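Tertiary structure, described
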Amino acid sequence: MSSPALAALAALPQADLKSIFTTDPDRLSKFTLRQGPVRFDWSKTHLTDELFEGFLALTEEKGFAAQRDALFAGEAVNNTEGRAAEHPAERGEGNADSVARAKMFHARMRALIDAIEGEALGPIRHILHIGIGGSALGPDLIVDALGGDGARYDVAIVSNVDGTALERAISRFDPEATLIAVASKTFTTTETMLNAASAINWMVEAGVEDPYGRVIALTASPDKAIEWGVDETRVLPFAESVGGRYSLWSSIGFPAALALGWDAFESLLEGAAAMDRHFRLSDPRQNAPLIAAFVDQYYARVLGCQTRALFAYDERLRLLPSYLQQLEMESNGKSVTRDGKPVDGPTAAITWGGVGTDAQHAVFQLLHQGTILTPVEFIASIEPGHALDPAHHRALLVNCFAQGAALLRGKDNEADPARAYPGNRPSTTILLDDVTPEVLGALIAFYEHRTFANAVLMGINPFDQFGVELGKEIARSIEAEGPKGFDPSTMALIDLALGGV
Ligand code: F6P
């Protein structure tokens, strides 16, 4: 480990979780933090006073405060691409010029939404949002979490190039009442462009008079969208400095703003802005995203945990794990530091998870008795998302808290080892007041800043994603020139499934 502060941390003794509340009786108050509508509880992790001080030293060593200032100032923190990372500006926080530009783009988005609501584009009932990765996962999460009843518009988010995805979505839509939103930062992504072309064909075949009149583009490359056929008046731009996986706050959030209403979209932005201010202004000792990163760093880099698991005990947040997979793994799944040197240890753990209580009946066996130590994160809401018998929500929360206690405490059984639970397994709990636009905005912004804080502590750039390029390049070359020079396995697969083409 080339970082002196990290080496010092690694030399500290590992706490025994089973007895940790006895040896450190004040830890509940020390290691919990409330930020607006979100309460964080790290008291059931291995975090101790010594570790905490050690991580504060690492924070200093890595120049965290200056890098955080650079992020919010709109400096080129994405050094490998020479770009800023200005998602906070979309929420009104950061460089004044960027904030003004984001406001202007939001105003255009709102005007188009008003026009659609006023039926300027016809009697729209269905929104077919086509995009992939960051151009789909964020809107999908928001619409699913907050607009589940489809009361205003029926939204389908189609990402996969597998035609089954598009076919399933359009089979329930009336082409005469559908708006197609093509969401792509670059407006070149193969999957998205193919899905968009097929969606237009579907309209043409159904006899829709002016299919392109029902298409809008959400993009940082307006020229490409116009060239593709979208009318200039229906192109909703966003800034190049907003990264794909950080883009749901921009025009990429269009289906959420339309389905939930503009006020709800603004509340989402405001919730995120409150978390931005917390992250930017709070002392490291009281800074939720930074403290969460301490915990992540301890498990991934000191104890060598290769995964971290996340369970939302709330059906509304069922898409959160897949959203966070992209955010965390595409941002911090790197092997080199900002200056291109090999990184001094493991980087992002694999993020995986699901919803409680379903996951208890599927994967929790391994968490309780398996041999792989996995830090677990529970997320729950005090308020339910339904009006059914309160017994449902009570059972949900009781189960959530019981799992955390069981992981910590375990249970001895010398007579029957198969029925023994080792315990001593860490968990964090994030308790939300409710799942509202404001809370969800704050929660997502918390994860964004936590990802950034982790990157700073490891010395890496979280804002590029060159790792995804090679496979795309090879696929393009196969399409353009046919398969050449691949290994025998790849050649045989292409031959078998595609007849050599
Ligand atoms: O392949 C990775 C990626 O570049 C993501 O980072 C991005 O969110 C996604 O593809 C979609 O890109 P675009 O919005 O340009 O279509």
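The protein goes by Glucose-6-phosphate isomerase in an unreviewed UniProt entry, where it is assigned to Sphingobium fuliginis. Recorded in UniProt for the protein, the comment headed Function (unreviewed entry) runs: "Catalyzes the reversible isomerization of glucose-6-phosphate to fructose-6-phosphate." Listed in UniProt under the heading Catalytic activity (unreviewed entry), the comment for the protein reads: "alpha-D-glucose 6-phosphate = beta-D-fructose 6-phosphate".

Quick notes on the nonpolar core
If you look at the biggest cluster of nonpolar residues, it comprises 99 residues, and the most contacted ones within it are Trp-42, Phe-254, Leu-317 and Tyr-447. Tallying contributions element by element places helix α18 (residues 437-458) first for this core, with twelve residues. A domain split of this core shows at least three residues from each of domain 1 (33-61 + 282-464) and domain 2 (87-267). Filtering out sequence-adjacent residues up to four positions away, Tyr-447 remains in contact with Arg-308, Leu-310, Leu-320, Leu-324, Leu-327, Glu-328, Glu-377, Ile-379 and Ile-430. Listed in part, the 23 residues of the second largest apolar core include Leu-128, Val-158, Val-182 and Ala-199.

Brief notes about unusual backbone geometry
Following Gly-356, the chain continues into Thr-357 via a peptide bond in cis, with omega recorded as 10°. Looking at the secondary structure, you find Thr-357 in the loop between β9 (350-355) and α16 (364-369). With phi around 65°, Glu-119 is a residue other than glycine that occupies positive phi space. Structurally, Glu-119 can be placed in the loop between α7 (96-117) and β3 (126-130). Its identity as a non-glycine residue notwithstanding, Asn-424 has a phi of 65°, on the positive side. Tracing the chain through its elements places Asn-424 in the loop between α17 (391-409) and β11 (427-432).

Details of the UniProt feature "active site" (unreviewed entry) in the protein
Cross-referencing UniProt, the feature "active site" (unreviewed entry) maps to Glu-330, His-361 and Lys-472 in the present numbering. Across 143 residues, the annotated set is spatially dispersed, with a maximum C-alpha separation of 37.0 Å. Secondary-structure assignment places Glu-330 in helix α15 (residues 320-332). If you trace the backbone, Lys-472 turns up in helix α19 (residues 469-481). According to the relative accessible area criterion, Lys-472 is partly exposed, its value standing at 41%.

Examining the sheet that holds strand β8 (residues 307-313)
Read across the open sheet, the six strands follow the order β1-β2-β11-β10-β8-β9; overall the sheet is mixed. In this open sheet, the two strands that pair with only one neighbour each are β1 (32-35) and β9. Adjacent strand axes in the sheet meet at a mean angle of 15° when their direction is disregarded. The strands touched by α15 within the sheet are β8, β9 and β10 (376-381), with β9 carrying the most contacts at an inclination of about 170°. Along the sheet face, α17 touches β8, β10 and β11 and points at about 155° away from the line of β10.

What to know about the pattern of salt bridges
Under the criterion given, the structure shown has 31 salt bridges. The closest approach of N and O atoms between Arg-450 and Glu-377, which form a salt bridge, is 2.9 Å. Taken as a pair, Arg-450 in helix α18 and Glu-377 in strand β10 lie far apart in primary sequence, 73 residues in all. Three or more residues joined by partner-sharing salt bridges are found here, namely Asp-296, Arg-308, Glu-328, Glu-377 and Arg-450.

Some remarks on the domain arrangement of the protein
Under the domain assignment used here, the protein contains domain 1 (33-61 + 282-464), domain 2 (87-267) and domain 3 (467-498). For domain 2 and domain 3, the distance between their C-alpha centroids amounts to 32 Å.

Examining the side chain of Asp-314
Note on placement: Asp-314 falls in the loop between β8 and α15. Relative accessible area serves as the criterion here: at 4%, Asp-314 is assigned to the buried category. Leave out the neighbours within four places in its chain, and Asp-314 touches Val-355, Gly-356, Ser-381, Glu-383, Leu-396 and Val-435.

Overview of the state of the cysteines
In total, this model carries zero disulfides according to the counting rule given. With no disulfide partner, Cys-305 has as its closest neighbouring cysteine sulfur the one in Cys-400, 20 Å distant. With a relative accessible area of 6%, Cys-305 lands in the buried category. Under the relative-accessibility criterion, Cys-400 is labelled buried at 1%.

Looking at the packing of aromatic side chains
Throughout the structure, instances matching the rule amount to 18 aromatic pairs. Ring centres of Phe-72 and Phe-279 lie 6.4 Å apart, and the angle between their planes is 50°; this geometry places the pair in the tilted category. One end of the pair, Phe-72, is in helix α5 (residues 64-73); the other, Phe-279, is in helix α13 (residues 262-281), and 207 residues separate them in sequence. Here Phe-72 falls in the buried class, since its relative accessible area comes to 6%. Of the residues examined, Phe-279 reaches a relative accessible area of 0% and is grouped as buried. When the centroid spacing of 5.9 Å and the interplanar angle of 65° are considered together, the rings of Tyr-313 and Phe-378 count as edge-to-face. In this pair, Tyr-313 sits in strand β8 while Phe-378 sits in strand β10, placing the two residues 65 residues apart along the sequence. Like Tyr-313, the residue Phe-378 is buried in the burial classification. Through a chain of ring-to-ring contacts, the aromatic side chains of Phe-64, Phe-72, Tyr-246, Phe-279, Phe-452 and Phe-463 assemble into a single cluster. The ring of Phe-21 carries Arg-27 above its face, with NZ or CZ at 5.8 Å from the centroid.

As for the sheet that holds strand β6 (residues 215-219)
The strand order across the open sheet formed by five strands is β4-β3-β5-β6-β7, and the pairing between neighbours is parallel. Of all the strands in the sheet, just β4 (154-158) and β7 (235-237) have a single pairing partner and so form its edges. Strand-to-strand twist in this sheet, taken as the mean axis angle between neighbours without regard to direction, amounts to 20°. Here β6 runs beside β7; their pairing, made up of three bridges, is parallel.

Each value, and the rule that gives it
Residues numbered from 1 in each chain as written. Predicted model: local features only at pLDDT ≥ 70, side-chain atom pairs only at ≥ 80, totals over all residues. Heavy atoms only, no water. UniProt positions renumbered as here; feature names shortened; annotations may be inferred. Core = buried A, V, L, I, M, F, W, Y, C linked by side-chain atoms within 4.5 Å. Buried < 20%, exposed > 50% of the residue type's maximum accessible area, 1.4 Å probe, protein only. Helix = DSSP H or I, 4+ residues; strand = E, 2+ residues; numbered from the N terminus. Domains from an automatic or database assignment. Contact = heavy atoms within 4.5 Å. Pairing = 2+ DSSP bridges. Axes fitted to C-alpha atoms, helices over the stretch in contact; angles between N-to-C directions. Salt bridge = Lys/Arg side-chain N within 4 Å of Asp/Glu carboxyl O. Disulfide = S-S within 2.5 Å. Phe/Tyr/Trp six-rings, centres within 6.5 Å; stacked < 30°, edge-to-face > 60°. Lys NZ or Arg CZ within 6 Å of the ring centre and 35° of its normal.

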